[in-house]
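So the chains spell out like this:
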Amino acid sequence: MNSLKLDENQLIENFEAKLAKNEMIEPKDWMPEQYRKHLIRQISQHAHSEIIGMQPEGNWITRAPSMRRKMVLLAKVQDEAGHGLYLYSAAESMGISREEMLYQLHTGAAKYSSIFNYPTLTWADMGAIGWLVDGAAIMNQVMLQRTSYGPYSRAMVRICKEESFHQRQGYEIMTVLAAGTPAQKEMAQDALNRWWWPSLMMFGPRDEESPNSAQAIKWKIKRETNDQLRQRFVNQTVPQVEKIGLIVPDKDIKWNDAKNGYDFGEINWDEFWTVVKGNGPCNKTRIAAKIKSHEEGAWVREAANAHAAKINKNKAA
Amino acid sequence: MSQNNSLFNYILKIADNQLILGHRLSEQSSKGPFLEEDIACSNIALDLIGAANSLYIYAASIQGENKTEDDLVFLRSERDYKNVLLVEQPNTDFAFLMLRQFLFDTYDFYFQQALLNSKDETLAAIAAKTLKESTYHLRHSGNWMIRLGDGTTESAMRLKNAMNQLWCFIDELFEQDETEIALVAQGIAVDSNAIKAQFDNHVASIMQNAGMDIPTNIFMQKGGKQGVHTEHLGFLLAEMQYVHRSFPGVKW
Ligand SMILES: [Fe+2]
Ligand SMILES: [Fe+2]
Ligand SMILES: [Fe+2]
């Protein structure tokens, strides 16, 4: 056995000792290559989700039905762009560039949350997304505040503060619609019907179908499983649905005393995999829109770089 | 026209400019050339719409009859909107939309600065808040003028094209009707003739840094302040108002 190998064993031991003590792993620390890869994939997907997520909501800024709602929605979409920015920076700290991540997104090599491949058809979808989609994201993100990689954890702390506001504004939109005219209430119920199941899918495959998950928990990247988080989300959300007089679109929803939570119906996993594999209703349009604005922005980025280069040259001269 | 009426109309003119320009910029949300710029533009759109909102709330309070800012935004039609033609021009490329921002930002910065001295305390207070934002907006769009003008052959050409398309809307910014002149005399409204020189100087100095010529011999278009708009405004309002108008009188 050579000394290099010994060193690596020592490094792994140190790394695992840190995790055992719940200490953060920082960019300058040694980390196993697989840990780095796992995190780059997870953080960049998370960043892409924030960015692609701007599209379905951005779709309604110009049509929001009141000035207050318009300003809140615009602020929310701007927040999501900010989340994307923190997360790209966190991923960059592991040695991948923004250009590379964007390239992976545009070519389909990197995924983003499938929820954003569903269309936003009515104003009530702004309520359903804030309430359910941001609500589901919070379950995950609250857990990730304690993730083992320092920059990711700190990005999550900042993001979570804004997410709870996103969720509240969404639920408020739904509350007002549900208490409004029959047509408004119908709009709210229809949005709930369309977003309920895709929101449950946001937590990912069932634990037994999710092999990466066990490793992520061992590395303390994740601290709870997909099914645990999904159950918590259902437990939190069903009473909120009932409180505003809407109906959960699942006939199998039933309180279960023994597990102190709700039983719920089976997710349509065929639909889940169809969307993951790129055949959801909006997969192609979301990426096409992203590529279009990136390409249309190319000359702007070139101009900014060219100007900056001239300034630097003048300074040096 | 009664005193209240002319003040009401004056406030709407200011607010409509901010709202329509903010709307145009908000159409670009998630479509920026890069993420940081996308955030900056959403932020500016939000400032503009927020400033408009404060003014509509004030206008609604003068109108009485339990009117709200939403009535003024969602229930007025093309001929009732009094924004200048410049701000309703549809987005084409980044040079066009950033020049549109820059020309308005320059006007708006000096306008808000002058409005600080209005004898109408509410208008002066709103101007104080808006001026902080306008200062940032003007720096942002002014920097882009220089980057684009100085950047590449393509960016300079695009900026020049935009200049040729937008310059015809400049004079309208400074146009005043009789009721406005009366409000100026009372120390309430801004005398836009008095800020024209500041506007010209700032635009000239930025454009000189950008290596851009200012077009000459361009016929000046007007009409927005009288509610005679370009054909673009109707589509903008149709999109903005349709949900609100589809459900009359409900809460959102
Ligand atoms: Fe977010
Ligand atoms: Fe959010
Ligand atoms: Fe701002």
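In this text the structure is predicted, and so the values were computed from the model without any measurement. (Residues numbered from 1 in each chain as written. Chains lettered and ligands numbered in written order. Predicted model: local features only at pLDDT ≥ 70, side-chain atom pairs only at ≥ 80, totals over all residues. Heavy atoms only, no water.)

**Structural notes on the overall build of chain A**
A count of helices and strands for chain A gives 13 helices and two strands. A globule of 317 residues ought to have a C-alpha radius of gyration of about 20 Å, and chain A, at 22 Å, matches this closely. Expressed along its principal axes, the backbone C-alpha trace of chain A runs to roughly 70 × 60 × 35 Å. The burial tally for chain A puts 55% of its 317 residues in the buried class. Expressed as a percentage of contacts within chain A between residues at least 6 apart in sequence, the contacts between residues at least 24 apart total 76%. About 14,500 Å² of surface is accessible on chain A, with carbon and sulfur atoms providing 54% of the total. The distance from the centre of the 41 positive side-chain charges to the centre of the 38 negative ones in chain A is 5 Å. (Helix = DSSP H or I, 4+ residues; strand = E, 2+ residues; numbered from the N terminus. Rg over C-alpha atoms; globule rule 2.2 N^0.38 Å. Buried < 20%, exposed > 50% of the residue type's maximum accessible area, 1.4 Å probe, protein only. Contact = heavy atoms within 4.5 Å. Areas by Shrake-Rupley, 256 points an atom, 1.4 Å probe, with all protein chains shown as cover. Lys, Arg positive; Asp, Glu negative; His and termini not counted. Charge placed at Lys NZ, Arg CZ, Asp CG, Glu CD.)

**Concerning the overall build of chain B**
Of the regular secondary structure elements, chain B holds 10 helices and zero strands. Along its sequence from the N terminus, chain B presents helices and strands in the succession α-α-α-α-α-α-α-α-α-α. Taking 18 Å as the expected radius of gyration for a compact globule of 252 residues, we find that chain B reaches 18 Å, a close match to that expectation. Seen through its principal axes, chain B has C-alpha atoms that stretch 55 × 40 × 30 Å. When burial is assessed residue by residue, chain B has 59% of its 252 residues classed as buried. Of the roughly 10,300 Å² of accessible surface on chain B, 51% is carried by carbon and sulfur atoms. Counting 20 positive and 32 negative side-chain charges, chain B places the averaged centre of each group 1 Å from the other.

**Some points on the pattern of salt bridges**
Enumeration according to the criterion identifies 30 salt bridges over all chains in this entry. One salt bridge in this structure joins B:Arg158 and B:Asp93, with 2.9 Å as the shortest N-O distance. Of the two residues, B:Arg158 sits in helix H7 (residues 153-166) while B:Asp93 sits in the loop between helix H4 (85-88) and helix H5 (94-115), which places them 65 residues apart along the sequence. We classify B:Arg158 as partly exposed; its relative accessible area is 23%. A network of salt bridges, in which partner residues are shared, links A:Glu57, A:Lys76, A:Glu80 and A:Asp134. (Salt bridge = Lys/Arg side-chain N within 4 Å of Asp/Glu carboxyl O.)

**Concerning the environment of A:Lys76**
All names here are of chain A. Within the fold, lysine 76 resides in helix H4 (residues 67-92). It is 14 Å that separates the C-alpha atoms of lysine 76 and glutamate 172, two residues lying 96 residues apart in sequence. Dropping the residues within four chain positions of it, lysine 76 is found in contact with Glu57, Gly130, Asp134, His166 and Gln169.

**Some details on the side chain of B:Gln89**
If you trace the backbone, B:Gln89 turns up in the loop between H4 and H5. Sequence-distant contacts of B:Gln89, defined by excluding residues within four places in its chain, comprise B:Arg24, B:Phe96, B:Arg100, B:Leu166, B:Phe169, B:Thr230 and B:His232.

**Focus: the coordination of the iron ion (ligand 1)**
All names here are of chain A. Looking at the iron ion (ligand 1), the protein donor atoms are Glu50 (OE), Glu80 (OE), His83 (ND1) and Glu163 (OE), and they sit 2.0 to 2.2 Å from it. Around the iron ion (ligand 1), the four donor atoms are arranged such that angles at the metal cover 84 to 152°; this shape is classified as irregular. Within one chain, the residues serving as donors to the iron ion (ligand 1) are arranged as E-x29-E-x2-H-x79-E. Separating the iron ion (ligand 1) from the iron ion (ligand 2) is a distance of 3.4 Å, and glutamate 80 supplies a donor atom to each of them. One end of the pair, glutamate 50, is in helix H2 (residues 33-52); the other, glutamate 163, is in helix H7 (residues 150-178), and 113 residues separate them in sequence. You'll find glutamate 50 and glutamate 163 in the same group, each marked buried. (Donors = N, O, S within 2.8 Å, 3.2 Å for Na, K, Ca; no water. Tetrahedral: all angles 85-135°; square planar, octahedral: opposite > 155°, others 65-115°.)

**Considering helix H10 (residues 232-246) of chain B**
Side chains that are three or four residues apart share a direction in an α-helix, a result of its 3.6 residues per turn. Here H10(B) contains 15 residues, and its C-alpha end-to-end distance of 21 Å stays within 8% of the 21 Å for a straight helix at 1.5 Å per residue. Largest kink in H10(B): about 40°, centred on B:Met240. Residues of H10(B) that are buried include every one of B:Leu233, B:Gly234, B:Leu236, B:Leu237, B:Met240, B:Gln241, B:Val243 and B:His244, and no others. Summarising the contacts, the buried residues of H10(B) are in contact with H4 of chain A together with helix H1 (3-26), helix H3 (69-74) and H4 of chain B. (Expected span 1.5 Å × (residues − 1). Bend = angle between axes of the 7 residues up to and from the residue.)

**Comments concerning the confidence of the model for chain B**
Looking at chain B, pLDDT values average 97 and 100% of them are 70 or higher. For this predicted complex, the interface confidence comes out at an ipTM of 0.97, alongside a pTM of 0.96. (pLDDT = per-residue confidence, 0-100.)

**Let's talk about the packing of helix H2 (residues 35-63) of chain B against H5(B)**
Any two packed helices are characterised by how steeply their axes cross, that is the angle between the axes, and by the distance between the axes. All names here are of chain B. Running from amino to carboxyl end, H2 crosses H5 at an angle of 40°, the nearest separation of the two axes being 13 Å. Our classification of the angle between H2 and H5 gives oblique. With respect to the hand of their crossing, H2 and H5 are arranged in left-handed fashion. Contacts between H2 and H5 pair Glu37, Cys41, Ile44 and Leu48 from the former with Phe94, Met98, Gln101 and Phe104 from the latter. Considered class by class, the residues forming the contact of H2 with H5 number six nonpolar, one polar and one charged. (Axes fitted to C-alpha atoms, helices over the stretch in contact; angles between N-to-C directions. Parallel < 35°, antiparallel > 145°, perpendicular 65-115°, else oblique. Left-handed = near helix turned anticlockwise from the far one by under 90°. Nonpolar A, V, L, I, M, F, W, Y, C, P; charged D, E, K, R; others polar.)

**Quick word on the interface of chain B and chain A**
Facing the 48 residues of chain B at the interface are 42 residues of chain A. Summing the contributions of chain B and of chain A, the shared interface buries around 3,800 Å²; its carbon and sulfur component is 71%. Of all residues in chain B, B:Leu35, B:Leu46 and B:Trp252 give up the largest surface area on contact with chain A, accounting jointly for 19% of the area buried on that side. Summed over the shared surface of chain B and chain A, the number is two salt bridges. Residues B:Glu36 and A:Arg98 are paired through a salt bridge, measuring 2.5 Å at the closest nitrogen-oxygen approach. In this assembly, chain B and chain A are joined by 10 residue pairs in polar contact (both at pLDDT 80 or more). Broken down by secondary-structure element, the contributors of at least two residues to the side of chain B that touches chain A are H1, H2, H3, H5, helix H6 (121-150), H7 and H10 of chain B. (Buried area = accessible area lost by both parts, 1.4 Å probe. Polar contact = N/O pair within 3.5 Å; in protein donor to acceptor, adjacent residues only side chain to side chain.)

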